[in-house]
Amino acid sequence: MRAGAYEEHECVLTLTASEERAAAGLLKRAISTSSKGIIQLGTGGTPVTFMRITNPHNSTTAVCSRTLKSRCSELQAIRRVVSGGQPSVLLQNEVLSLGDEQRRALLKEAGISDEIKIGPAEVLAIKVVELLEENDRAGRLTWHNGVIPASEIWIKLGGDKGGGTFKMNFQIVNLAAPNSVNNTCVFCCFEADDSYTNLHIALERYKEQVEHLQGMTWRSLHSIHTHHQKYLASGGVRKTAQQFYNCICEPIFDIPTEQICPPGLHITMGIFTKLFELFEDFCHSLDLELAFYHTEVDQSRYSLYSQELQRLHQYKVELQEAKQSESVLQQLATYMAVLIGESNPLTADLLHQSANTSKIVKQLETKIAASTAVVTREFPLNEGPFVKELDMALQSIGVHRQQYFGGTFVGNHVHKTLKLPNINTLCSAICKLAESSLPQQSEMVATRTMIFLNAFSKFAKCHSIYDQNFIDEAQVHELEQSVQEFMELFRTNFPKGTIPIKMHMVEDHAVQWARSTHVGFGLLGEQGAESVHAKFNNLARAYSAIKGKVHQLKCIVAEHLVSIAPHNVAAIPPPKKRKK
């Protein structure tokens, strides 16, 4: 043991030789009485800890394995003291504190790779079989009164992005509540945009396993592959995508289209939101008319508002186009970086174009914000009497929109609002206000409001049929007729309204699915996958102290897999029913 000189607060104290020998003798005698070679001396405040550290005569690379083991034990003892009893946590932080290159070099010398090892895709099939066996032993499997053939097991695959991460999951449909979050197993998770490129990179490894799970029912998606090849042969121009049924990308999983269930929850929320926004715009137009004709509004202000509104619409169109270009360039750049490297001139050019497009997107977003501020300042959307009346009518039926998320709706809001008495409440509130505030326009308002009432009602009829668990042949025919009536009404009364992808799914795929399977969207819905987002967000807060995003996600997924184990789910008490 050596004492020598030490420095503290810029004051240097040098021990004499006799003082060194005295201090060394005292410490040596005290440490020799400790089995762990550690002693603490009182100071009147925080005690001082002394440890015996062996003075090495040879470097670590030149000693035998026994000496090496002894030195490791000595370091572990030091970590236990310094870390307050958590040596493994301190060791992890030591490794993480190294630079990326230094850490890679260190682990490489030790014969360990720090690369993220993606396990073989067989884990998907293994996990499916494991959950099936556990549920079978627990007596939880069901065939839903013959809806699922007795010789088949149905596995539902789904993916969605929420809370900053994309999650791919599967559910066993042969359970009493397949849409429950406790029956939703996440098998792939990443924190990035859910672009086709990222999805392809993350999910390609599972392609063979999905085909394997299909068993004897597997068939190739010949038509999609054919249209995609024709699209590429024509030059791959997105403007011509409709000529090839929008098959601009290869399917990631070769699942037959007749086995792909349309996403009922997203369809319902998308179409309802579309109709409600149109209704809200109509109410806002009544507010403008009321402000223009019944108050002393300067003509120049109204003109400024109209011009700014047109400019805002144009900015939004340009932003949509710019974002599409940005997405395409980013995906191409990612592909080329993987294939030929980032330093290649072609990749560098794509990255440069992508960066320029991103700048344009930011500029347009700034212009939209400024234009929106002008529009809102002149005639605020949410402050007119008709829009306020519509919001009050929503609250009267127990629907309170999420103000922190742009006034959006959740699934329960939509299910509640699509009940016929609640639809009548919304529409009658606007008609009554028009009779007192715009009597000269009350007839026009009543006529237009009736159109909205019919649109909501006809869509509610479609929703009530396809949202069931099981659909018989008579209901299939009723659904087909209801969808036709709804789409005809929409096209007739909203000629300038676009047909969103959710309406396309209802018109072209919902009836086809119901007729071929007689299974409703309620049995194969996305509620479980949506609930997983909230569950993962809660777990993310619990594991937020863990360094490294990948390590955090691994811990979250591990905790999730433990929570959905059938024997753990069975231990959860059923929720208490609310008093009505």
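Structure: see above.
Thresholds applied
- Residues numbered from 1 in each chain as written.
- Predicted model: local features only at pLDDT ≥ 70, side-chain atom pairs only at ≥ 80, totals over all residues.
- Heavy atoms only, no water.
- Helix = DSSP H or I, 4+ residues; strand = E, 2+ residues; numbered from the N terminus.
- Buried < 20%, exposed > 50% of the residue type's maximum accessible area, 1.4 Å probe, protein only.
- Axes fitted to C-alpha atoms, helices over the stretch in contact; angles between N-to-C directions.
- Parallel < 35°, antiparallel > 145°, perpendicular 65-115°, else oblique.
- Left-handed = near helix turned anticlockwise from the far one by under 90°.
- Contact = heavy atoms within 4.5 Å.
- Nonpolar A, V, L, I, M, F, W, Y, C, P; charged D, E, K, R; others polar.
- Polar contact = N/O pair within 3.5 Å; in protein donor to acceptor, adjacent residues only side chain to side chain.
- Core = buried A, V, L, I, M, F, W, Y, C linked by side-chain atoms within 4.5 Å.
- Disulfide = S-S within 2.5 Å.
- Phe/Tyr/Trp six-rings, centres within 6.5 Å; stacked < 30°, edge-to-face > 60°.
- Pairing = 2+ DSSP bridges.
- Salt bridge = Lys/Arg side-chain N within 4 Å of Asp/Glu carboxyl O.
- Expected span 1.5 Å × (residues − 1).

Peer 1: Tell me about the overall build of the protein chain, and name the residues and values.
Peer 2: Broken down by element type, the protein chain carries 20 helices and 7 strands. Buried residues in the protein chain amount to 34% of all 580 residues.

Peer 1: Tell me about the packing of helix α18 (residues 527–542) against helix α19 (residues 549–563), and name the residues and values.
Peer 2: Helix packing geometry: the angle between the two helix axes and the distance between the axes. The N-to-C vectors of α18 and α19 enclose an angle of 125°; their axes lie 10 Å apart at closest approach. Here α18 lies oblique to α19, going by the angle between them. In this structure, α18 meets α19 at a crossing whose hand is right-handed. Counted together, K535, F536, L539 and A540 of α18 and I556, V557, E559, H560 and S563 of α19 form the full contact between these two elements. For the contact of α18 with α19, the per-class residue count stands at 5 nonpolar, 2 polar and 2 charged.

Peer 1: Explain the side chain of T184 to me, and be specific about the residues and the numbers.
Peer 2: By secondary structure assignment, the location of T184 is in strand β7 (residues 184–190). Its relative accessible area of 0% is what places T184 among the buried residues. Separated by 2.9 Å, the side chain of T184 and the backbone oxygen of S180 make a polar contact. Apart from the residues within four sequence positions on either side, T184 is in contact with N169, F170, Q171, N179, G528, A529, V532, H560 and I564.

Peer 1: Account for the nonpolar core, naming residues and giving values.
Peer 2: In this structure, F279, F386 and F456 are the most contacted members of the largest nonpolar core, which totals 62 residues. Counting residues per element, the ones that place at least two in this core are α9 (264–294), α12 (385–396), α14 (420–437), α15 (442–466), α16 (473–493) and α17 (501–517). For this core, the element with the highest residue contribution is α15, accounting for 11 residues. In this view, F279 contacts L390, L426, C427, I430, T449, F452 and F456; residues no more than four positions away in its chain are not counted. Ranked by size, the runner-up nonpolar core spans 23 residues in total, among them V128, L141, F170 and I255.

Peer 1: Describe the state of the cysteines, listing the residues and the values that go with them.
Peer 2: Per the counting criterion, the structure on display carries 0 disulfides. No disulfide involves C283; its sulfur sits 8.9 Å from that of C427, the nearest cysteine.

Peer 1: Please give an account of the packing of aromatic side chains that cites residues and values.
Peer 2: How two aromatic rings sit relative to each other is set out by the distance from centre to centre and by the angle between their planes. Applying the stated criterion across every chain yields a total of 13 aromatic pairs. Chaining the aromatic ring pairs together yields one cluster made of F272, F276, F279, F282, F452, F456, F459, F486, F490 and F494.

Peer 1: So what about the sheet that holds strand β5 (residues 155–162)? Which residues, and what values?
Peer 2: Strand order in the open sheet formed by 3 strands is β5-β6-β7, and the pairing between neighbours is antiparallel. Strand pairing shows two members of the sheet lacking a second neighbour, β5 and β7, which therefore form its edges. Averaged over all neighbouring strand pairs, the angle between strand axes comes to 25°, with direction disregarded. Across 8 bridges, β5 lies against strand β6 (residues 165–172) in antiparallel orientation. Paired with G162 across the bridge in β6 is T165. Sheet strands touched by α18: β5, β6 and β7. Its angle to β6, the strand with the most contacts, is close to 130°. On the sheet, α19 packs against β6 and β7 and is oriented at approximately 175° with respect to β7.

Peer 1: How would you explain the pairing of strand β4 (residues 48–51) if you had to name every residue and give the values?
Peer 2: The two faces of a sheet get side chains in turn, since along a regular strand they alternate between them. The pairing of strand β3 (residues 38–41) with β4 spans 4 bridges and is antiparallel. Each residue of the ladder has a partner; that of I39, found in β4, is F50. Joining the antiparallel neighbours β3 and β4 is a turn of 6 residues, in which G44 adopts a positive phi near 90°.

Peer 1: Account for the side chain of N179, naming residues and giving values.
Peer 2: Relative to the helices and strands, N179 is located in the loop between β6 and β7. A residue is classified by how much of its surface remains accessible, and N179, at 14% relative accessible area, is buried.

Peer 1: Outline the pattern of salt bridges, supporting the account with residue identities and numerical values.
Peer 2: Here the structure, examined in full by the defined rule, presents 6 salt bridges. Of the charged contacts in the structure, one is a salt bridge between E478 and K461, with a shortest N-O distance of 2.9 Å. With E478 in helix α16 and K461 in helix α15, this residue pair connects regions lying 17 residues apart in the sequence. What makes K461 partly exposed here is its relative accessible area of 36%. Among the salt bridges present, the one from R491 reaches E507, with a minimum N-O distance of 2.9 Å. One end of the pair, R491, is in helix α16; the other, E507, is in helix α17, and 16 residues separate them in sequence. By relative accessible area, R491 is classed as partly exposed at 42%.

Peer 1: Which residues make up α14, and what are the values?
Peer 2: Compared with the 26 Å implied by 1.5 Å per residue over 18 residues, the 26 Å span of α14 between its first and last C-alpha is a close match. Restricting attention to buried positions, one finds in α14 the residues N422, I423, L426, C427, A429, I430, C431, L433 and A434.

Peer 1: I'd like a rundown of the environment of V210, residues and numbers included.
Peer 2: Mapping V210 onto the fold places it in helix α7 (residues 207–214). You can call V210 buried: its relative accessible area is 3%. Not counting the four nearest positions on each side in its chain, V210 is found in contact with L124, L157, F253 and I255.

Peer 1: Please give an account of the environment of C185 that cites residues and values.
Peer 2: Positionally, C185 belongs in strand β7. Given the relative accessible area of 1%, C185 is considered buried. Distance in space between the C-alpha atoms of C185 and L157 is 9.7 Å, their sequence separation being 28 residues.

Peer 1: Help me get a handle on unusual backbone geometry, residues and values and all.
Peer 2: Not every positive phi belongs to a glycine, and N145 is a case in point at roughly 55°. Unlike most non-glycine residues, H518 shows phi in positive territory, near 55°. By the element assignment, H518 lies in the loop between α17 and α18. H518 gets classed as partly exposed once you look at its relative accessible area, which sits at 27%.

Peer 1: Before we move on, could you go through the packing of α14 against α15 and cite the residues and values that matter?
Peer 2: For the pair α14 and α15, the least separation of the axes is 9 Å and the interaxial angle reads 170°. With respect to α15, the element α14 is oriented roughly antiparallel. Every residue of α15 that contacts α14 at L420, I423, N424, C427, I430, C431, A434 and E435 is listed here: S442, V445, A446, T449, L453, F456, S457 and A460.

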